[in-house]
Amino acid sequence: MIKLSHVSKNFGHGKNAVSDLSFEVQAGETLVLLGTSGCGKTTTLRMINRLLIPDQGDIFIGEKNIREEVPENLRRNIGYVMQNTGLFPHYTVQENIGVVPQLLHWNKTHIRDRVWTLLQKLRLPPEQYAHVYPQHLSGGQQQRVGLARALAADPPILLMDEPFGALDPLTRISVRKEFKALDELNSKTIIIVTHDIEEAFELGNRICVMNEGRIQQLGNATELLFSPANDFVRNFLDKQRLELELKSLRLLDIWPYLNGTGETTGILLPGETSCWDTLENLTTSAATAIFRGENKHLDGNILMNAITAFKKTVSQHGHA
Ligand SMILES: Nc1ncnc2c1ncn2[C@@H]1O[C@H](COP(=O)(O)OP(=O)(O)OP(=O)(O)O)[C@@H](O)[C@H]1O
């Protein structure tokens, strides 16, 4: 568990970079810090790693206040993925990934085994890539090596600063997909910094929207979309709103508003299916929603009407 309590940081030129930040990230949870450039995301991440010390407030990892922790011990439990990978150009891929295990005095065989395992998991065949230098890798491959390096000593906490920021949009989507499927991340506590809204919604269990060093809202996707705390959050999400809503709402969320008859036609879509995937299916086939033993026939109109009715109810009565 990571806990920030009333944390502020000022770099000595007027405004605070971060003001009165309080939040908790539960063990095994992925929290995304989302906001425009300069809103204090990186400063927050660097304070958790003690690369920066807050002027006010406290940060706890588990029960321990990190002010009382030796930075080297603290960082042993934290993997840090930097925006521009931060790979050492004069080290091979294997040497880059082995940096922390080396500091921890693992023996050579242990380091090599771990590096090779990670390269395999990240789809970089070790025979081909272990002895290559970073400049001979593509951006996506360098990013994977950066991730492997952060994961090398299997830290319980992972901090990631714009991990996919330097990648072109297509590579970004595919590296993100691989990242999500990585078994090494199961049960890790992760904080990801991004300015990419779609990325935040795809990766975060919860999202912390920041502006000018302050938290505007911290919540899950549906809370941010359907119960925005203020105009900033509403406006920030507006450009991608329809797509985000369709991706975050599941059939079971709008179940009471689906007016389809009980007949079963076409493919069966379970209640957990997102409205986005449902629409995609409906373009090629008839479909029936199934949830808790009940069937409802679906078409585009039934779906969109149900979403509209759901939104109307939430705007009148708040999010359940
Ligand atoms: N070492 C520093 N010295 C002085 N000012 C700094 C320093 N680091 C950050 N700042 C300032 O603090 C504010 C927050 O910066 P920060 O890098 O945390 O924002 P960010 O949300 O991560 O933005 P970006 O996505 O552009 O990195 C900015 O105004 C920035 O100029």
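Since the structure is predicted, the reported quantities are computational estimates derived from the model, not experimental observations.

Cut-off values and rules
- The written sequence of each chain sets the order in which its residues are numbered from 1.
- Reporting of local features is limited, given that this is a predicted model, to residues whose pLDDT is at least 70; pairs of side-chain atoms are given and counted only at 80 or more, and all residues count toward the totals for whole chains, interfaces and linings.
- In computing side-chain values, all of the structure's heavy atoms are included and hydrogens and water are not.
- By nonpolar core is meant a set of buried Ala, Val, Leu, Ile, Met, Phe, Trp, Tyr and Cys residues that side-chain atoms within 4.5 Å join together.
- Partly exposed describes any residue whose relative accessible area lies between the buried limit of under 20% and the exposed limit of over 50%, with all areas from a 1.4 Å probe on protein chains only and scaled to the type maximum.
- Strands here mean DSSP runs of E at least two residues long; helices mean DSSP runs of H or I at least four residues long; both are numbered from the N terminus.
- Reported domain spans reflect what an automatic or database domain assignment gives.
- Contact criterion: two residues are considered in contact whenever any of their non-hydrogen atoms come within 4.5 Å of each other.
- The pairing criterion is simple: DSSP has to find at least two bridges between the two strands.
- Orientation is described by lines fitted to C-alpha atoms, with helices fitted over the stretch in contact, and by angles between N-to-C directions that extend from 0 to 180 degrees.
- When a carboxyl oxygen of Asp or Glu is within 4 Å of a side-chain nitrogen of Lys or Arg, the pair counts as a salt bridge.
- What makes a residue near a molecule or strand is one non-hydrogen atom of that residue sitting within 4 Å of it.
- Any pair of N or O atoms that falls within 3.5 Å is considered a polar contact. Within protein, one atom must be able to donate a hydrogen and the other to accept it, and sequence-neighbouring residues count only if both atoms are side-chain atoms.
- Note on areas: Shrake-Rupley with a 1.4 Å probe; residue coverage comes only from the protein chains shown.
- In this count, Pro and Cys sit with the nonpolar residues alongside Ala, Val, Leu, Ile, Met, Phe, Trp and Tyr, while Asp, Glu, Lys and Arg are called charged and the others, Gly among them, polar.

Trainee: Can you walk me through the nonpolar core in this structure?
Mentor: Nonpolar side chains in soluble globular proteins tend to end up buried together. Ranked by internal contacts, the top residues of the largest apolar core, which has 65 residues, are Ile97, Leu147, Leu158, Phe201, Leu237, Ile254 and Leu258. It is helix H14 (residues 300-317) that contributes the most residues to this core, six residues altogether. When residues of this core are assigned to domains, at least three map to each of domain 1 (2-92 + 150-244) and domain 2 (249-318). In this structure, leucine 158 is in contact with Gly79, Val81, Leu147, Ala150, Leu151, Leu185, Thr189, Ile190 and Ile191, ignoring residues within four places of it in sequence. Of all hydrophobic cores here, the second largest spans 26 residues; its members include Phe23, Val25, Ile157 and Val193.

Trainee: It is not clear to me how the side chain of glutamate 29 should be interpreted in this structure. Could you clarify?
Mentor: Its place among the elements puts glutamate 29 in the loop between strand S2 (18-25) and strand S3 (30-34). Given a relative accessible area of 10%, glutamate 29 falls into the buried group. The contact partners of glutamate 29, leaving out residues within four places of it in the chain, are Glu24, Lys188, Thr189, Ile190, Asn205 and Arg206.

Trainee: Where do I start with the sheet that holds strand S5 (residues 64-65) in this structure?
Mentor: Each strand in a sheet pairs with another by means of backbone hydrogen bonds, the pair being arranged parallel or else antiparallel. Strand order in the open sheet made by the four strands is S2-S1-S4-S5, with antiparallel pairing throughout. Across the chains shown, the open sheet's two edge strands, defined by having one partner strand only, are S2 and S5. Pairing between strand S4 (residues 56-61) and S5: two bridges, direction antiparallel. When the sheet's bridge partners are listed, isoleucine 61 is paired in S5 with lysine 64. Helix-sheet contacts for helix H1 (residues 41-48) involve strand S1 (2-9), S2 and S4, and the interaxial angle to S1 is about 120 degrees.

Trainee: Would you take a moment to explain the sheet that holds strand S12 (residues 287-291) for this structure?
Mentor: The sheet built from three strands is open, its strands ordered S11-S12-S13 with mixed pairing. With one partner strand each, in any of the chains shown, strand S11 (267-270) and strand S13 (294-298) form the two edges of the open sheet. Neighbour-to-neighbour, the strand axes of this sheet turn through a mean angle of 30 degrees, independent of strand direction. The pairing of S12 with S13 spans five bridges and is classified as antiparallel. From the neighbouring strand, alanine 289 faces S13, where its bridge partner is lysine 296. Where helix H13 (residues 275-282) meets the sheet, its contacts fall on S11, S12 and S13, and the angle it forms with S11 comes to roughly 175 degrees.

Trainee: Could you clarify how one ought to interpret the pattern of salt bridges in this entry?
Mentor: Where side chains of opposite charge bring their charged atoms close, a pairing between them can arise. The final tally for this structure, using the stated rule, is 23 salt bridges. Measuring nitrogen to oxygen at the nearest pair gives 3.9 Å for the salt bridge that ties lysine 9 to aspartate 55. In this pair, lysine 9 is assigned in strand S1 and aspartate 55 in the loop between H1 and S4, connecting sequence segments 46 residues apart. For aspartate 55, a relative accessible area of 43% corresponds to the partly exposed category. With its nearest N and O atoms 2.6 Å apart, the salt bridge here joins lysine 188 to aspartate 154. Taken together, the residues span a long stretch of sequence, with lysine 188 in the loop between helix H8 (169-181) and strand S8 (189-194) and aspartate 154 in the loop between helix H7 (139-151) and strand S7 (157-161) at a distance of 34 residues. Residue classification places lysine 188 among the buried positions, given a relative accessible area of 4%. We classify aspartate 154 as partly exposed; its relative accessible area is 46%. Through salt bridges that share partners, Arg172, Arg176, Asp196, Glu198, Glu199 and Glu202 make up one connected network.

Trainee: Can you help me understand the site of the ligand in this one?
Mentor: Near the ligand you find Phe11, His13, Ala17, Thr36, Ser37, Gly38, Cys39, Gly40, Lys41, Thr42 and Thr43, and these make up its full shell. Within the backbone of glycine 38, an N or O atom sits 2.7 Å from an oxygen atom of the ligand. Here threonine 42 contributes a side-chain N or O atom positioned 2.7 Å from an oxygen atom of the ligand. Burial of the ligand by the protein chains amounts to 58% of its free accessible area of 630 Å². Partitioned by chemical class, the residues of the shell around the ligand number three nonpolar, seven polar and one charged.

Trainee: Help me understand the environment of arginine 172, please; the structure alone is not making it clear to me.
Mentor: One can find arginine 172 in helix H8. The sequence separation of arginine 172 and glycine 140 amounts to 32 residues, and the corresponding C-alpha distance is 7.6 Å. Once residues within four sequence positions are removed from consideration, arginine 172 is found in contact with Phe164, Gly165, Leu167, Thr194, Asp196 and Glu199. A distance of 3.1 Å separates a polar side-chain atom of arginine 172 from the backbone oxygen of phenylalanine 164.

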